Each structure stands twice: as C-alpha cells, then as structure tokens.
Amino acid sequence: MSIKLEHINYIYGEGSASPIHATNDVSLEIKDGEFIGLMGHTGSGKSTLIQHLNGLIRPTSGNIYYNGKNTSDEDFSMKELRSKVGLVFQYPEHQLFEVTVFDDVCFGPKNLGLEKKEIEERAKHALQLVGLDESYYERSPFELSGGQKRRVAIAGVLAMDPEILILDEPTAGLDPKGRDEILDAIKLLHKEKNITIILVSHSMEDIAKYAQRIIVMDKGKVKFDGTPKEVFRHYKELEQIGLAAPQVTYIVHQLKEKGWNISTDITTVEEAKREILTIWKNRKNS
Amino acid sequence: MIRDITIGQYYAVDSPIHKLDPRTKLAGTMIYIISLFLTKGIIGYCIGAFFLLFIIRMSKVPLKYIVRGLKAIVILLLISVSFNIFLTPGEEIFQIWKLKATKEGLIIAVYMAVRLIFLIMGSSVMTLTTTPNDLTDGLEKSLGFLKKIKVPVHEIAMMMSIALRFIPILIEETDKIMKAQMARGADFETGGIIKKAKSMIPLLVPLFVSAFRRATDLAMAMEARCYRGGEGRTKMKPLKYKQRDYVAYTTLFVYFIIMIGVKYIK
Ligand SMILES: Nc1ncnc2c1ncn2[C@@H]1O[C@H](COP(=O)(O)OP(=O)(O)OP(=O)(O)O)[C@@H](O)[C@H]1O
Ligand SMILES: [Mg+2]
C-alpha cells in the first residue's frame, strides 16, 4: 500500500484571472505503516496535497502511483482507492446528514456494499474508538456539540476500515482532553493495525509527539521531509515560514546556551524530562 | 463543472469597463438589449456583434470565459430554436415524421438564437466586470424613485447582493461536501434517475444545514453592527458619475442611433 507522487502540480482556477498554484512540483513516497505529520502555514497547500492521495482531485500535471499502478490509467479503480485511503476533511462535522448518529457512521461501509451485520459491527467499533458510547447512537447528529460532531464524522471514516488514514486538522477547536483522546485513538490504530497515518496539524507539540516523519510545506513546495529531530533542527528556518519548533526544543536550546550538556534534538516533554533528570542525577553523584 | 457558470462571478482585472459606474453599465446593458430587439436585419446584428466584441475586448475578460457562460442556456436555446423551426407556418424545407421545417421558421430561429446569445453575453459582461455589491448599489440608486410608492428598494437590493454573494460560497461548499461524501464512498455519477436522486441526499442535507447556519450567522453579525434597514443609512462610497461615464453614455447613444438608423435605411 505505498503511494508515490511524482512532480505533482495543482492549479486552482486554471484559465481564470488569478490562477493559484497550490502544489508545486511535489514528489513524495509514502510507505506502509508510517505516521507522517504534515505541517505548513495557512494556504501552503496541505489540504490540496492530501486530496490527491485518494483521487478526489487529479493533478494538473504529474503522476501518482498507488502500489505501482498509475492512478490516471483508464482501468484504475478510484472506488477501490477511496475505500483504502480514508480522508477526514477539515471541519468534517459539516458533512453529517443522517437522522441518527449511528446511521451516519454506517454511510461509508454501506457504500462499500458490505453485509448489514458487518456494517453495524464496524460502526460500533468506530464509535467506540472515538469515545462515543451507545447513548449517542440514536441521537440526531445535528443536536450534538461541535466536538461530538467531529467525533461522529471521524468515526464515519474509520468505519470504512482504511489502510491509509489521512486527517486534516482533526483537533482544531477541540478542548485539550478531547484532542488527546482523538490523537491517542489514532495512535492506537497505527500501532495495532499498522495503518499508515498522515496527520495535518498546526500544533508542533502534537506532531512531535506522534509523528515518525514530518513533511513541511511552504508555498506549495515540500520544504523539509525527515524525522522530527531532523526537521526541528531547522527551527530558525521554520520560523521564517511562519512555523516553529515545539516549546521544549526552545527550552533545551536555551539550557545548552547556559552551558548545560544537553542534547538539542529533544522534541517532546517526556524526552526533555528524562534527559534533565539524568543530568541532575549525574550532577548529584559527582 | 459547477464552476463553469459565469453569471454572478466577478472577473477581477483592471479595465476601463470595470471602472465605470455600475449605473452606466446597467443602463448600457438595458440599451444593448433593447437595441437587439429593435433590429432584425443582418447589418443590425453585425453592428451589435461588433459593439459587443469591442466592449469585451475593452473589458479584458477573455472571450473564452464569456462563451463558457453560454453552456448554461444551451438546452433552452435548442428548445426554442426547434420550436421556431418546426412550428412556424411557411415554405417547407424538409420534414421529420409529421413536423415540417419551414424557411420562415429557420430565419426566425436564427434571429432568436443570435439575440439570446448576445443578450446572455452582454449581461455576462456586466456581471463579470461589476462586483455584486456595486451592482446592487447601482440598482438601488437607479430605482430609488420607487421608494416614493413604498417599494422597499433598499431591502430588495440588500437581499439581492447577499444572494449574489452567496452563490460562489455555496458552490464552494457544494464542492467540499461532495468531496467529503465521495471520500466516504458516495457515488454521484452512475445509476438511474432514482438512484441519482437518492444519492443527492447526503449532499443536499448538509448543504441546507450550512446555508441556514450561514444565514443566521450573517443576520446576527449584521444586527450586532446595528443594521436596521435603509432608513437614514449612508454609503461609504457614494456613487458618482465621472468623465468616463459621460464618454460611455455618449458612445451608447451613438450606437443606439446607428441601430435605429439601420432599421429604417432599408
Ligand atoms: N477550492 C479552491 N478554489 C480556489 N483556490 C483554492 C481552493 N482551495 C484552496 N485554494 C487555494 O490554494 C492554496 C492552498 O490551499 P490549501 O487549502 O491547500 O491550504 P492549506 O495548507 O490546507 O491551508 P490551511 O492550513 O489554512 O488549511 C491557497 O492559496 C488557497 O487559497
Ligand atoms: Mg487546509
């Protein structure tokens, strides 16, 4: 289930007065089981890029290979691609339409043509994953709170049982607890089922905590692509394109300046804690 | 696909036509339409076409863009053309089943088609070169005299400008929801009429919900900024005729005289 992008360009409103070059010569390879964090300032082309990955938009130029098969081939099955690559849009709660929460989550698997029992099992499992219990099943999706709607919408995509799951800012506007719950559920999926995850987020902390690989977009181009440690080493350049490194990275940099013998590659609070504690212990002992 | 509809979509470039007062453009469009219905001869239509092309060239909107807007009326055009060809009595050209195509019908049909095409193109030039806000401002001011007979001109104009403003937003929203449902395996293309109609539900329900949400949000935002109708409301940019508007009116006048002239020459 690898996806390979080769020189992808996408232009909105081609031939209009002001065309927008949203992705510019993007080449990437996404391998099985990766957890990728995708970041970039507002309007850098993240949402555009991920829509290519399940064939919702076709590149203006360039090719996308999916397990070696070219998606622009005549006999390529988009339907199959979309059943394998789940995409949770920005503000997915706007896509809810059914009478009850449960029916809405069933919409995706129903479209796959599964049996009723299988559909219901998947829906139940998906709702459980996002932390909604049975008391929500028969409620109308329109009378839920924003965060609850978000969970229903995410469950709607999870129920399709995708092999690659792409989430476009799934936690925007959620409270810290809700955010952690959803991200932990995603992490669990990644670990247990070895699903490939692509997480678009503006939170450096979230990305540093969860992602194994970070892709940074700037003005439609891929600016950095590497492990969190590699990418956050460029924190000065990240700042120039409107991003930043996680807060702890700044702290360890300052500690280093103060003469501490601490690694500056630290990106998460847990790591920093461990590192600082070891340094303290060593100091006491000596 | 849905984005091809050009009516109500402003094409943002800087041109002499864009800079004209919206009232001038409204009057110009009216005069142009009237002139189309006054003439019948080939010469008249040639002048009409020439004038239209001249304006389009000046507006810097690509011709391709305006022609694309005609797609929306292709069916209407086909229906009215065939009605005219087959239902006008006169000299027979050919016959399909029981329907006779007549020479007179053909001529009327061609005239009609030309008129309709010019009419749509002419009005698209206006909507493409005028922002919806300017357009309704112009309408409000031009029809201001109706206030005397208790027609709520301002309210109608406001409603129109909001409606026009919402067209591209709703198109974008439709696009977004469609994509979101397609990502969940929805299929909007294949199947018979009933299946297609059914497949619209996942699109229409969220669309309506979002339209109502936007409407209430907008109403609230307007009230929060003390909007209470047209009474005593002043404009930030009051409309004022400039020299180029007088030039435009003169050109229109000359054009109109020529069109009338052409009609009586023969
Ligand atoms: N439907 C559209 N029509 C025209 N232009 C668009 C459309 N969607 C996005 N764009 C433009 O393409 C560029 C990239 O947009 P995109 O939505 O991919 O950015 P993004 O990185 O997802 O931003 P954000 O972080 O705000 O979600 C922007 O300049 C945007 O204005
Ligand atoms: Mg986005």
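Residues numbered from 1 in each chain as written. Chains lettered and ligands numbered in written order. Predicted model: local features only at pLDDT ≥ 70, side-chain atom pairs only at ≥ 80, totals over all residues. Heavy atoms only, no water.

A.B. asks: So what exactly am I meant to see when it comes to the overall build of chain B here?
C.D. replies: If you tally the helices and strands in chain B, you get 11 helices and two strands. The order of α-helices and β-strands along chain B, N terminus first, is α-α-α-α-α-β-β-α-α-α-α-α-α. Over its C-alpha atoms, taken along the principal directions, chain B stretches across nearly 65 × 55 × 40 Å. Evaluated residue by residue, chain B yields a buried proportion of 37% over its 266 residues. Put simply, 73% of the contacts in chain B that link residues at least 6 apart link residues at least 24 apart. Put simply, chain B shows about 16500 Å² of open surface, and 71% of that area lies on carbon and sulfur atoms. (Helix = DSSP H or I, 4+ residues; strand = E, 2+ residues; numbered from the N terminus. Buried < 20%, exposed > 50% of the residue type's maximum accessible area, 1.4 Å probe, protein only. Contact = heavy atoms within 4.5 Å. Areas by Shrake-Rupley, 256 points an atom, 1.4 Å probe, with all protein chains shown as cover.)

A.B. asks: Any chance you could explain the pairing of strand 8 (residues 196-200) of chain A here in plain terms?
C.D. replies: Each regular strand carries side chains that alternate between the two faces of the sheet. Residue and element names in this part refer to chain A. Counting buried residues in strand 8 gives five out of five residues, a clear majority hidden from the surface. Along strand 8, one buried face is formed by Thr196, Ile198 and Val200 and the opposite face, lined by Ile197 and Leu199, is buried too. Here strand 3 (residues 35-40) runs beside strand 8; their pairing, made up of four bridges, is parallel. Residue pairing in the sheet places Leu38 in a bridge with Val200 of strand 8. Where strand 7 (residues 164-168) meets strand 8, five bridges bridge the pair, whose relative direction is parallel. Paired with Asp168 across the strands is Val200, a residue of strand 8. As a crossover connection, the stretch from strand 7 through helix 6 (residues 176-193) into strand 8 is right-handed. (Pairing = 2+ DSSP bridges. Right-handed = clockwise from strand over helix to strand, strands pointing away.)

A.B. asks: I tried to follow the site of ligand 1 on my own but got confused; where do I start?
C.D. replies: Around ligand 1 lies a shell of 15 residues, among which Gly43, Lys46, Ser47, Thr48 and Gln90 of chain A are the nearest. Close to ligand 1, residues of chains A and B are found. Here Tyr12 of chain A contributes a side-chain N or O atom positioned 3.5 Å from a nitrogen atom of ligand 1. Residue Ser44 of chain A places a main-chain N or O atom 3.2 Å away from an oxygen atom belonging to ligand 1. Surface burial for ligand 1 is 70%, taken as the share of its 640 Å² of free accessible area covered by protein chains. For the shell around ligand 1, the secondary structure elements donating two or more residues are strand 2 (20-30) and helix 1 (46-53) of chain A. (Near = heavy atom within 4 Å. Polar contact = N/O pair within 3.5 Å; in protein donor to acceptor, adjacent residues only side chain to side chain.)

A.B. asks: I tried to follow the sheet that holds strand 5 (residues 69-70) of chain A on my own but got confused; where do I start?
C.D. replies: Backbone-to-backbone hydrogen bonds pair the strands of a sheet. The strands run either parallel or antiparallel. Residues and elements named next belong to chain A. Strand order in this open sheet of four strands is 2-1-4-5, and the pairing throughout is antiparallel. Two strands in the sheet have a free side with no partner beyond their single neighbour: strand 2 and strand 5. Bridge count between strand 4 (residues 61-66) and strand 5: two bridges; the pairing is antiparallel. Within strand 5, the position partnered with Tyr65 by the bridge is Asn70.

A.B. asks: I would appreciate a short explanation of the domain arrangement of chain B in the present structure.
C.D. replies: Interface size is often expressed as the accessible area that is lost when the parts come together. For chain B, the assigned domains read domain 1 (1-130 + 238-266) and domain 2 (152-233). Taking only C-alpha atoms into account, the centre of domain 1 of chain B sits 30 Å from that of domain 2 of chain B. (Domains from an automatic or database assignment.)

A.B. asks: Would you mind showing me how to read the layout of surface pockets here?
C.D. replies: A water-sized probe, rolled over the atoms, reveals where empty space remains. Residue and element names in this part refer to chain B. Roughly 1100 Å³ of internal volume is contained in the second largest pocket. Together, 35 residues line the second largest pocket, and Asn133, Asp134, Asp137, Arg233 and Lys235 are the ones closest to its centre. Secondary structure elements with two or more residues in the lining of the second largest pocket: helix 1 (16-19), helix 7 (132-142), helix 8 (153-183), helix 10 (201-224) and helix 11 (243-265). The element best represented in the lining of the second largest pocket is helix 8, accounting for seven residues. Split by domain, the lining of the second largest pocket shows at least three residues from each of two domains, domain 1 (1-130 + 238-266) and domain 2 (152-233). (1 Å grid on protein atoms, 1.4 Å probe; cavity = no way out; pocket = protein on both sides within 12 Å on 5 of 7 lines; lining within 4 Å. Points joined across faces, edges and corners; volume = space filled by probe spheres on them.)

A.B. asks: Looking at this structure, how should I read empty space enclosed by the protein?
C.D. replies: Residue and element names in this part refer to chain A. Applying the stated rule across the entire model yields two cavities of 30 Å³ or more. Approximately 50 Å³ is the volume found for the largest cavity. Lining the largest cavity are Leu28, Ile30, Ile36, Leu38, Leu49, Ile50, Leu53, Ile198 and Ile215. Of all the secondary structure elements, the ones that give two or more residues to the lining of the largest cavity are strand 2, strand 3 and helix 1. In terms of residues, the lining of the largest cavity owes the most to one element, helix 1, which gives three residues. Considered class by class, the residues forming the lining of the largest cavity number nine nonpolar, no polar and no charged. Within this model, the second largest cavity holds a volume of roughly 40 Å³. Lining the second largest cavity are Pro228, Lys229, Phe232, Arg233, Thr249, His253, Thr264, Asp265, Ile266 and Thr267. Broken down by secondary-structure element, the contributors of at least two residues to the lining of the second largest cavity are helix 8 (228-232) and helix 10 (247-257). Tallied by class, residues from the lining of the second largest cavity come to three nonpolar, four polar and three charged. (Nonpolar A, V, L, I, M, F, W, Y, C, P; charged D, E, K, R; others polar.)

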